[in-house]
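Here are the chains, one letter per residue:
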Amino acid sequence: MSRWRHARVSADNTHHELDGAPLYAERFDEALSFHEPGLAAVRRGTDAWHITDLGEPAYAPRFRRTFGFYEGLAAVIDDSGWAFIHPDGRFASDARLTWCGNFQDGRVAVRHRDGSYQHLTPDLTPAYAARWRYAGDFRHGIAVVQGDHGRSTHIDRDGHLLHGRWFDDLDVFHKGFARARDSQGWMHIDLRGEPIYSRRFAAVEPFYNGQARVERHDGGLEIMDEHGLTVLMLRLE
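So, here's what we can say about the structure.

**What about the overall build of the protein chain?**
Inference 1: Each helix and strand counted, the protein chain has one helix and 22 strands in total.
Inference 2: Counting only C-alpha atoms, the protein chain reaches 60 × 45 × 30 Å along its principal axes.
Inference 3: For the protein chain, with 237 residues in total, the buried portion stands at 46%.
Inference 4: Excluding contacts between residues fewer than 6 apart, the proportion of contacts in the protein chain whose partners are at least 24 apart in sequence is 24%.
Inference 5: Accessible surface for the protein chain amounts to roughly 12200 Å². Of this, 48% is attributable to carbon and sulfur atoms.
Inference 6: Of the charged side chains in the protein chain, 29 are positive and 35 negative, and the gap between their average positions amounts to 2 Å.

Right under this line is the structure:
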């Protein structure tokens with residue numbers, strides 16, 4: 001059994017536990033969850049690094065901040081900026097950025113020194129030529145990006161527009177639908193960027209087994225189905 005797969009961060013975030021018992025004797029100022037290949041990001045004072053499930057350092061270098069490994073690389077911060085490292089602590093590239101996300105679906109969102117966002121491939125080269133005002137994580141091959149005009153749309157892994165529709169605010173797709181907001185309020189859209197009903201709301205949650213909790217503009221709360229029909233009233237206003 002790989003102990004790290006079942007370990008959990010302690011309630012005070014200082015170490016990891018397995019079945020309620022400490023996994024090791026060390027204590028840290030901050031401990032994050034374990035990720036493949038069995039390493040966890042920790043911090044003590046101004047030093048940050050990754051540990052094994054024995055509480056031992058995975059490598060010698062120290063950083064200002066470390067984050068979890070995703071798809072073989074972890075984001076770290078040193079005195080020169082943000083970067084990615086391999087599990088042995090080696091930098092994956094000489095490039096430095098002003099922010100790095102986590103790899104999802106073979107892509108990672110980063111922010112360049114000019115303030116623009118972009119997605120990189122596993123070899124840390126741009127996945128496409130465009131730069132965005134903002135870019136989110138990929139999920140099932142689709143990500144949200146925001147243009148310089150402030151509106152958002154969806155792109156595929158190669159940077160192509162998925163449906164070409166732009167919204168005031170937008171979320172990733174969840175079970176085939178995404179939350180989207182236009183000038184009249186929040187709704188759900190399909191993969192074509194089309195609203196799946198005519199109603200608009202002050203807030204909507206993602207669909208869960210065909211139903212979503214929504215807040216009307218008058219303050220009322222209800223459960224709604226995928227046709228925009230009320231299933232259950234939770235609060236009148």
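**A word on the pattern of salt bridges**
Inference 1: Taken as a whole and assessed by the stated rule, the structure comprises 18 salt bridges.
Inference 2: Residues Glu194 and Arg165 are paired through a salt bridge, measuring 3.2 Å at the closest nitrogen-oxygen approach. Pair noted here: Glu194 is in the loop between strand 18 (185-189) and strand 19 (203-204) and Arg165 is in the loop between strand 15 (152-156) and strand 16 (169-174), with a separation of 29 residues, a long-range link.
Inference 3: With relative accessibility at 32%, the residue Arg165 sits in the partly exposed group.
Inference 4: Linked by salt bridges that have partners in common, Arg199, Arg216, Asp218 and Glu222 make up one network.

**A look at the packing of aromatic side chains**
Inference 1: Under the definition given, this model contains 11 aromatic pairs.
Inference 2: Residues Tyr59 and Phe63 carry aromatic rings whose centres are separated by 6.0 Å and whose planes lie at 75° to one another, so their mutual orientation is edge-to-face.
Inference 3: Classification of Tyr59 by relative accessible area gives buried; the value is 6%.
Inference 4: For Phe63, a relative accessible area of 5% puts it in the buried group.
Inference 5: Arg62 extends its terminal NZ or CZ atom over the ring of Trp49, reaching a point 4.3 Å from the ring centre.
Inference 6: Between Arg96 and the ring centre of Phe91, over which it is positioned, the NZ or CZ distance is 4.2 Å.

**What about the sheet that holds strand 18?**
Inference 1: Read from one edge to the other, the open sheet built from three strands follows the order 16-17-18, with strand pairing classed as antiparallel. In this open sheet, the two edge strands, each paired with only one partner strand, are strand 16 and strand 18. If you compare each strand with its neighbour and ignore which way they point, the axes differ by 20° on average.
Inference 2: Taken together, the five bridges between strand 17 (residues 177-182) and strand 18 define a ladder with antiparallel strand orientation. Along strand 18, the bridge assignment pairs Arg181 with Trp186.

**Things to note about the sheet that holds strand 2 (residues 16-18)**
Inference 1: Strand order across the open sheet formed by three strands is 1-2-3, with antiparallel pairing between neighbours. This sheet does not close on itself; its edge strands, each paired only once, are strand 1 (8-9) and strand 3 (21-22).
Inference 2: Of the pairings in the sheet, the one linking strand 1 to strand 2 comprises two bridges and is antiparallel in character. Its bridge partner lying in strand 2, Val9 is registered against His16.

**Examining unusual backbone geometry**
Peptide bonds are trans in most cases, and residues, glycine excluded, mostly fall at negative phi.
Inference 1: The residue after Glu36, namely Pro37, is reached through a cis peptide bond having omega 15°.
Inference 2: Positionally, Pro37 belongs in the loop between strand 4 (30-35) and strand 5 (39-44).
Inference 3: You will see that Asp105, though not glycine, has its phi angle at about 55°, which is positive.
Inference 4: Inspection of the secondary structure assignment puts Asp105 in the loop between strand 10 (99-100) and strand 11 (108-111).
Inference 5: Note on Asp105: relative accessible area 30%, which makes it partly exposed.
Inference 6: Backbone geometry at Lys175 places phi at a positive 55°, although glycine is not the residue there.
Inference 7: Look at Lys175 and you get exposed, because its relative accessible area is 54%.

Analysis parameters
- Residues numbered from 1 in each chain as written.
- Predicted model: local features only at pLDDT ≥ 70, side-chain atom pairs only at ≥ 80, totals over all residues.
- Heavy atoms only, no water.
- Helix = DSSP H or I, 4+ residues; strand = E, 2+ residues; numbered from the N terminus.
- Buried < 20%, exposed > 50% of the residue type's maximum accessible area, 1.4 Å probe, protein only.
- Contact = heavy atoms within 4.5 Å.
- Areas by Shrake-Rupley, 256 points an atom, 1.4 Å probe, with all protein chains shown as cover.
- Lys, Arg positive; Asp, Glu negative; His and termini not counted.
- Charge placed at Lys NZ, Arg CZ, Asp CG, Glu CD.
- Salt bridge = Lys/Arg side-chain N within 4 Å of Asp/Glu carboxyl O.
- Phe/Tyr/Trp six-rings, centres within 6.5 Å; stacked < 30°, edge-to-face > 60°.
- Lys NZ or Arg CZ within 6 Å of the ring centre and 35° of its normal.
- Pairing = 2+ DSSP bridges.
- Axes fitted to C-alpha atoms, helices over the stretch in contact; angles between N-to-C directions.

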